[in-house]
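# Descriptive analysis of the structure
Next come the chains, spelled out residue by residue.
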Amino acid sequence: MSVIKIAVLGFGIVGSGTVELFYRNRESICKKAGKELDIKYILEIRDMSDTEYTDKQTTDINDILDDDEVTIVAELIGGIKPAYSFVKSCLERGKSVVTSNKELVAEKGAELIKTAKQNNCCFYFEASAGGAIPLIRPLHQCLAGNEITSVAGILNGTTNFILTKMINDRMDFNSALKLAQELGYSEKDPVADIEGHDACRKICIIASLVFGRHVYPEYVHCEGIAKITAEDAAYAENWGGAIKLIGSVKKTSSGKILPLVRPAFVCGGNQLSNINDVFNGIMVYGDAVDEVMFYGRGAGKMPTASAVMSDIIDAAKSNGIPPVSLTWEDTADSSHIADYKDDITSFYVRTSKVSKQQIINTFGDVEFLSRNDMPADENAFITKPITERKFDVKLERFSRKILSSIRVFEQIEI
Ligand code: HSE
């Protein structure tokens, strides 16, 4: 039996994890693929002489492109440059590509899926959203019988880890971030995690797949966790919930879709409020299933390698025929995206030197919150559901007296 040769691009956290996992479980992986597989190349510019894979190292992508024996390429470099040109060239040569690269799929997914089809090979990206969690395949295969109306969840392991450490262990933000970096959870530039860009890329991929038209990151309103304070977290806890960075997309009554990334107060009755540490949790709502939830490690070396390996096995089984359901159309505009300012939601607000009466006069019926050691001149409350546009106008009246305002995650109505 001829051996399918794999090239791994990048020997960082995910790349080294993928190689390690392959050789740890090679026998069962090949059995599941129904074919003999081996890694022929590892493309890496850093010195690999202290690893056991030094004989596989190349620093030149042309070695891989020109080698007809290589039919599967795992792109685990991350970012757009040079990953995009490497992936595109591999697909153009008919080599199937699997990737964990969220940025690449969110920016170039529609184009790369098309390139793969044109060249009778596959482009897979299970590891690009949800880390170890099987999510992409269930969305386009197991749930294919449903009209999916909404997907919402915790999509970034690093920020969930930081929020958990800050709240449960009273760790300061920078120490929690440093620990997340040491554990290999964060992006090379952790700003992408903190500012929500990583979660945004993931919701773009999910939204594109579920609703069939490419959602580019610039179409998505995105807020990160940088402004969340320990005081806000204490109010959320006393309220019986937690603050989580939520990425979501839903179909609106106008027929458009609304993708959004923002920190949110999540009530204790919602399962997402109990997802801690590096774990991700994703709820999918469909007309037949009602709701299903996916849970697992959202980042890290071996969990991500697990998802990459599932794609390598599928690529080996595919014979170059991509699944018809793993696709979406490209788009030249954002006419399919609703304006988040029209979305109706409740808001948590924390004020200084604003009386309860002033708050009631402006926002009407609200739920006042409390926390330990609450300053006498501080008030925190949750509004009734309101459009963000109207909320902004009301909030403007208190201008500099607003210490924080955070959306409340609404339980999805089926
Ligand atoms: N930095 C990402 C996260 C890695 O923390 O979720 C996994 O995509």
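Residues numbered from 1 in each chain as written. Predicted model: local features only at pLDDT ≥ 70, side-chain atom pairs only at ≥ 80, totals over all residues. Heavy atoms only, no water.

## Some details on the domain arrangement of the protein chain
Along its sequence, the protein chain is organised into domain 1 (3–132 + 301–318), domain 2 (137–297) and domain 3 (340–409). Here the C-alpha centre of domain 3 lies 23 Å away from the C-alpha centre of domain 2. Each side of the interface is counted separately: domain 2 has 23 residues, and domain 3 has 18 residues. Taken over both partners, the interface formed by domain 2 and domain 3 buries close to 1800 Å², and the fraction arising from carbon and sulfur atoms is 63%. (Domains from an automatic or database assignment. Contact = heavy atoms within 4.5 Å. Buried area = accessible area lost by both parts, 1.4 Å probe.)

## Points about the nonpolar core
Residues Leu-37, Ile-64, Phe-123, Phe-125, Leu-139, Ile-206 and Phe-265 are the most contacted members of the largest nonpolar core, which totals 106 residues. The element contributing the most residues to this core is helix H10 (residues 197–211), with 10 residues. Non-local contacts of Ile-206, meaning those with residues more than four positions away in its chain, are made with Ala-129, Leu-135, Leu-139, Val-151 and Leu-155. The next biggest cluster of nonpolar side chains, apart from the first, holds 12 residues, and it includes Val-349, Ile-359, Phe-381 and Phe-398. (Core = buried A, V, L, I, M, F, W, Y, C linked by side-chain atoms within 4.5 Å. Buried < 20%, exposed > 50% of the residue type's maximum accessible area, 1.4 Å probe, protein only. Helix = DSSP H or I, 4+ residues; strand = E, 2+ residues; numbered from the N terminus.)

## Some points on the site of the ligand
The local shell around the ligand consists of Lys-102, Asn-156, Gly-157, Thr-158, Tyr-185, Ser-186, Glu-187, Asp-193, Asp-198, Lys-202, Gly-298 and Ala-299. Taking Tyr-185, its main chain carries an N or O atom lying 2.8 Å from a nitrogen atom of the ligand. One nitrogen or oxygen atom from the side chain of Lys-202 is found 2.8 Å from an oxygen atom belonging to the ligand. Out of a free accessible area of 250 Å², the ligand has 93% covered by protein chains. Those elements giving two or more residues to the shell around the ligand turn out to be helix H7 (157–168) and H10. Among the residues making up the shell around the ligand, the classes are represented as 2 nonpolar, 5 polar and 5 charged. (Near = heavy atom within 4 Å. Polar contact = N/O pair within 3.5 Å; in protein donor to acceptor, adjacent residues only side chain to side chain. Areas by Shrake-Rupley, 256 points an atom, 1.4 Å probe, with all protein chains shown as cover. Nonpolar A, V, L, I, M, F, W, Y, C, P; charged D, E, K, R; others polar.)

## Some thoughts on helix H13 (residues 356–363)
For H13, every residue scored as buried is listed here: Ile-359, Thr-362 and Phe-363. All buried residues of H13 fall inside an arc of 75 degrees around its axis, so they share one side. Buried positions along H13 lie against strand S14 (347–352), strand S15 (367–369), strand S16 (378–382) and helix H14 (388–396). Just beyond H13, the residue with positive phi is Gly-364, at close to 75 degrees. (Arc of directions from axis to C-beta.)

## Thoughts on the packing of aromatic side chains
Given two aromatic rings, their pairing is described by the distance between the two centres and the angle made by the two planes. Summed over all chains, the structure comprises 16 aromatic pairs. Ring plane angle 50 degrees and centroid distance 5.4 Å describe the contact between Trp-239 and Phe-265, whose orientation is recorded as tilted. Linking Trp-239 in the loop between helix H11 (230–238) and strand S9 (242–251) with Phe-265 in strand S10 (residues 257–266), this pair joins segments that are 26 residues apart in sequence. With a relative accessible area of 22%, Trp-239 lands in the partly exposed category. Judged by its relative accessible area of 0%, Phe-265 is buried. By the ring-pair criterion, three or more aromatic residues cluster together here, those being Phe-347, Phe-363, Phe-368, Phe-381, Phe-391 and Phe-398. The ring of Tyr-124 has Arg-137 lying over it, and the distance from NZ or CZ to the ring centre is 5.9 Å. Just above the ring of Phe-368 sits the side chain of Lys-356; from NZ or CZ to the centre is 4.9 Å. (Phe/Tyr/Trp six-rings, centres within 6.5 Å; stacked < 30°, edge-to-face > 60°. Lys NZ or Arg CZ within 6 Å of the ring centre and 35° of its normal.)

## Considerations on the pattern of salt bridges
The tally for this structure, following the rule as stated, stands at 32 salt bridges. Here Asp-198 makes a salt bridge to Lys-102, at a shortest N to O gap of 2.7 Å. In this pair, Asp-198 is assigned in helix H10 and Lys-102 in helix H5 (residues 102–118), connecting sequence segments 96 residues apart. Overall, Asp-198 belongs to the buried group, its relative accessible area being 0%. Relative accessible area serves as the criterion here: at 13%, Lys-102 is assigned to the buried category. The partner of Asp-343 in a salt bridge is Lys-250, with the nearest N and O atoms 2.9 Å apart. In this pair, Asp-343 sits in the loop between helix H12 (301–318) and strand S13 (344–345) while Lys-250 sits in strand S9, placing the two residues 93 residues apart along the sequence. Via salt bridges that share partners, Glu-126, Arg-137, Asp-311, Asp-314 and Lys-317 belong to a single interconnected network. (Salt bridge = Lys/Arg side-chain N within 4 Å of Asp/Glu carboxyl O.)

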